[in-house]
Amino acid sequence: MTIDAMIDEVIAREGGYSNHPADRGGPTNFGITEQVARAYGYAGAMQALARATAVSIYKARYWTQPGFDKIAAICPAIGHEMFDTGINMGVGTAGRFLQRALNALNRGAADYPDLTVDGAAGAMTRAALKAFMAKRGAAGGEVLRKALDALQGERYIEIAEASPSQEAFVYGWLANRLGVLS
């Protein structure tokens, strides 16, 4: 799946303008929060954010800058998962999930060295992913994706437990963010 197709999928899921009173992200449009839009130079009203601007932000902030495009070159399903998780939870959280899962799956560092869990999907993380995929193949990529989904689901529950106002979103997060990517 191309980055453009992934962005289309995310925008279809996120919808247009929203300003739910319990949403800690505040006003959003096409899934882009006001804070993120401002960081990328958008100064207008969030209701008027152009789709093309949202697409540009998605490509830069959630694909190229964190290196998820390079992760996708190794395993497209993991790159897709990282992109989606990065949008919803932050790219550092997505990177930490990948590093934690790779550490847990390396058979006591027999397949590749443990990673520092710093959230950066850099050269060491990519090398570990390459080694994992060489050892486990396509079936391993699916197991790794499930591990990432498990970590993401756990985090959603933690968020709701820590802040009951966020319970308004848990059902949708679990229904629309876990296990829906190929």
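This text goes with the structure placed above it.
It should be emphasised that the depicted structure is a prediction, and the values quoted were computed from it without experimental measurement.

Let us now look at helix α3 (residues 51-64). Between the first and last C-alpha of α3 there are 19 Å, a value that for 14 residues agrees with the 20 Å anticipated at 1.5 Å per step. Along α3, the positions that sit buried rather than exposed are A54, V55, I57, Y58, Y62 and W63. The inward-facing, buried residues of α3 contact α1 (3-14), β2 (32-33), α2 (34-39), α4 (68-74), α5 (76-89) and α6 (91-104).

As a further point, take the packing of aromatic side chains. Counted by the stated rule, this structure contains five aromatic pairs. Here the aromatic rings of Y156 and W173 are separated by 4.9 Å at their centres, their planes lie at 20°, and the arrangement is stacked. One end of the pair, Y156, is in helix α7 (residues 123-162); the other, W173, is in helix α8 (residues 167-177), with 17 residues separating them in the sequence. An identical accessibility class is assigned to Y156 and W173; each is buried. An aromatic cluster of at least three residues, connected via ring pairs, comprises Y58, Y62, W63 and F83.

Turning to the pattern of salt bridges, a few remarks are in order. Using the criterion set out here, one finds nine salt bridges in the structure. Of the charged contacts, one joins D111 and R107 as a salt bridge, the two residues approaching to 2.7 Å between their closest N and O atoms. On the accessibility criterion, D111 (19% relative accessible area) is buried. Owing to a relative accessible area of 43%, R107 belongs among the partly exposed residues under this scheme.

Before going further, it helps to spend a moment on the packing of α5 against α6. For the pair α5 and α6, the least separation of the axes is 7 Å and the interaxial angle reads 135°. With respect to their mutual orientation, α5 and α6 come out oblique. Handedness of the crossing formed by α5 with α6: right-handed. Seen from α5, the contacting residues are I78, M82, T85, G86 and M89; seen from α6, they are V91, T93, A94, G95, F97 and L98. The class makeup of the residues in the contact of α5 with α6 is seven nonpolar, four polar and no charged.

Cut-off values and rules
Residues numbered from 1 in each chain as written. Predicted model: local features only at pLDDT ≥ 70, side-chain atom pairs only at ≥ 80, totals over all residues. Heavy atoms only, no water. Helix = DSSP H or I, 4+ residues; strand = E, 2+ residues; numbered from the N terminus. Expected span 1.5 Å × (residues − 1). Buried < 20%, exposed > 50% of the residue type's maximum accessible area, 1.4 Å probe, protein only. Contact = heavy atoms within 4.5 Å. Phe/Tyr/Trp six-rings, centres within 6.5 Å; stacked < 30°, edge-to-face > 60°. Salt bridge = Lys/Arg side-chain N within 4 Å of Asp/Glu carboxyl O. Axes fitted to C-alpha atoms, helices over the stretch in contact; angles between N-to-C directions. Parallel < 35°, antiparallel > 145°, perpendicular 65-115°, else oblique. Left-handed = near helix turned anticlockwise from the far one by under 90°. Nonpolar A, V, L, I, M, F, W, Y, C, P; charged D, E, K, R; others polar.

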